[in-house]
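# Analysis of the macromolecular model
Listed below are the residues making up each chain.
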Amino acid sequence: MDHETDVVVVGGGATGVGVARDLSLRGVDVTLLDRDGLSAGTTGHTHGVLHSGGRYANDDPDGARECIRENRVLRNVAPVAVTDTGGLLVSCEADDPAYLEEKREACEACGIPTERLEGAALRERAPELPETVRAALAVPDAVVHPSPLVAATAGDAADRGARIETHTPVTDLVVEDDTVVGVETPAGTARAAHVVNAAGAWAGQVASTAGADLEMHPSKGVMVVVDREASAVLNRARPPSDGDIVVPVGGRAILGTTSETVADPDDYPREGAATAAMVEAAHALLPDLTEDEVVRSYWGVRPIPAVAGEGRDASRGFLVRDHGETDGVAGLTSVVGGKLTTHRLMAEATADRVCEELGVDADCETAETPLPDDADRVASLVERYDAASPADADRR
């Protein structure tokens, strides 16, 4: 695989393939490497919500505004990967009813449209909710499916000249005169004018091979798939907590999630009790749900940088770090944090930084340029890039 390119991107999740596509659209020669199939890390192990921003409007208005903007962008450019289920912020019996009004006001301030539903209108919209539910706010949440999203993004990047290499782990970054000039893999060396570290929860490990500091606080969470339908993305109208979200996918529902910092994103406890806890917590939204309805569970690890905090208290914003500025290691940029909903924006910010370093004068085009939308072609890209993920297995 020995070759030269303008930019090597390490990591084939949504952000990594987003960076590769963005740079390719700007005329930059890119090679993307991932140790597994695409979306095998955090991206493929999410609950798959295309956030409206309503969940974050109270505590992170800037992040909420990013979500509603990117929600609209992805609906437009990636319809093959989006199911428009709508969303409900639900005030359950145990929740403070005043919080729902606070949420409505916060959404309004962020430009997120809402509609208050009560009584018969709420029952018609979401008949699965218990009678004890007081009210809900309808918001434009949706479901985004990681497998077709990542595969279509990578395929479009490849159409524009990018080289996409799966099952090619990066074993080391090549450093010469305090500058990263490429990467080592078992298949050989890829030399580059710049390296982008988009390795998610593993980004700290990648950066450390070049002597750069990027402390991470990876946060594990369990998702539980149950044989129960939901009419919309359901969020408890309360401060984010364990077991407060239900996501409809392919006639089933995904229950989520927990948040606990782990030391190693590859090796951490996956407690069986977490599944039972998710089922118990979901009773507030799906009454009478039992463990007999559990189809399977899977775990994901969020790529939270240490500067953002830990667990539930961590910011869900993203960080683009130029290691030449922070660590004296030029030629290396890391992008971490964020959400699946904002991956395109993260890629844009990263590509802007890289193009500035390379002297490339070209604007981002990913917010207006559609991804491939032929379902058969996208399905073949999922197979080609080994991009099938547990988050949307029930859709396929």
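Residues numbered from 1 in each chain as written. Predicted model: local features only at pLDDT ≥ 70, side-chain atom pairs only at ≥ 80, totals over all residues. Heavy atoms only, no water.

On the surface, Asp-361, Asp-363, Glu-365 and Glu-368 cluster together into a patch of negative charge. Relative to the helices and strands, Asp-363 is located in the loop between α9 (343–358) and α10 (375–384). (Patch = residues over 30% accessible without salt bridge, like charges linked within 9 Å, V, L, I, M, F, W, Y side chains within 5 Å. Areas by Shrake-Rupley, 256 points an atom, 1.4 Å probe, with all protein chains shown as cover. Salt bridge = Lys/Arg side-chain N within 4 Å of Asp/Glu carboxyl O. Lys, Arg positive; Asp, Glu negative; His and termini not counted. Charge placed at Lys NZ, Arg CZ, Asp CG, Glu CD. Helix = DSSP H or I, 4+ residues; strand = E, 2+ residues; numbered from the N terminus.)

Right, let's get into the packing of aromatic side chains. To describe a pair of aromatic rings, one takes the distance between the centres and the angle between the planes. Scanning all chains against the criterion turns up one aromatic pair. When the centroid spacing of 6.4 Å and the interplanar angle of 65 degrees are considered together, the rings of Tyr-268 and Trp-299 count as edge-to-face. Within this pair, whereas Tyr-268 is found in the loop between β17 (260–261) and α7 (273–282), its partner Trp-299 is found in strand β18 (residues 294–302), the two being separated by 31 residues in sequence. The positively charged end of Arg-270 is found above the aromatic ring belonging to Tyr-268, 3.9 Å away from the centroid. Lys-339 extends its terminal NZ or CZ atom over the ring of Tyr-56, reaching a point 4.7 Å from the ring centre. (Phe/Tyr/Trp six-rings, centres within 6.5 Å; stacked < 30°, edge-to-face > 60°. Lys NZ or Arg CZ within 6 Å of the ring centre and 35° of its normal.)

Leu-88, Val-90, Leu-129 and Leu-255 are the most contacted members of the largest nonpolar core, which totals 52 residues. Judged by nonpolar contacts, the second largest core, of 45 residues, contains Ala-14, Ala-81, Val-144 and Ala-198. (Core = buried A, V, L, I, M, F, W, Y, C linked by side-chain atoms within 4.5 Å. Buried < 20%, exposed > 50% of the residue type's maximum accessible area, 1.4 Å probe, protein only.)

Glancing now at the sheet that holds strand β3 (residues 49–50). Pairing is antiparallel across the open sheet formed by three strands, whose spatial order is β3-β8-β4. Strands at the two margins of the open sheet, each flanked by one partner only, are β3 and β4 (82–83). Looking at chain direction, β3 and strand β8 (residues 142–144) are connected through two bridges and run antiparallel. Bridging from a neighbouring strand, Leu-50 pairs with Ala-142 of β8. (Pairing = 2+ DSSP bridges.)

Mapped onto the elements of the fold, Thr-153 is located in helix α5 (residues 146–159). A relative accessible area of 4% places Thr-153 in the buried class. Contact partners of Thr-153, with chain neighbours within four places excluded, come to Val-17, Gly-18, Arg-21 and Leu-371. (Contact = heavy atoms within 4.5 Å.)

Among the secondary structure elements, Glu-118 is positioned in strand β6 (residues 115–118). Judged by relative accessible area, which is 42%, Glu-118 ranks as partly exposed. Each C-alpha atom of the pair Glu-118 and Gly-44 lies 35 Å from the other, and the pair is 74 residues apart in sequence. When near neighbours in sequence (up to four residues on either side) are disregarded, Glu-118 contacts Arg-134 and Ala-135.

Let us now look at α10. When α10 is considered as a whole, its buried residues turn out to be Val-378, Leu-381 and Val-382. An end-on view of α10 places all buried positions within 105 degrees of arc, on one side of the element. The exposed residues of α10 that point more than 90 degrees off its buried face are Asp-376, Glu-383 and Arg-384. Of the residues flanking the end of α10, it is Asp-386, one or two places downstream, whose phi is positive at about 50 degrees. (Arc of directions from axis to C-beta.)

Viewed as axis vectors pointing N to C, helix α1 (residues 14–25) and α9 meet at an angle of 50 degrees, and their least axial separation amounts to 8 Å. Taken together, the axes of α1 and α9 are oblique relative to one another. Viewed along their axes, α1 and α9 form a crossing whose handedness is right-handed. Packed against α1, whose contacting residues are Ala-14, Thr-15, Gly-18, Val-19, Asp-22 and Leu-23, the element α9 presents His-343, Met-346, Ala-347, Glu-348, Thr-350, Ala-351, Val-354 and Cys-355 at the interface. Each residue belonging to the contact of α1 with α9 can be placed in one class, and the counts come to eight nonpolar, four polar and two charged. (Axes fitted to C-alpha atoms, helices over the stretch in contact; angles between N-to-C directions. Parallel < 35°, antiparallel > 145°, perpendicular 65-115°, else oblique. Left-handed = near helix turned anticlockwise from the far one by under 90°. Nonpolar A, V, L, I, M, F, W, Y, C, P; charged D, E, K, R; others polar.)

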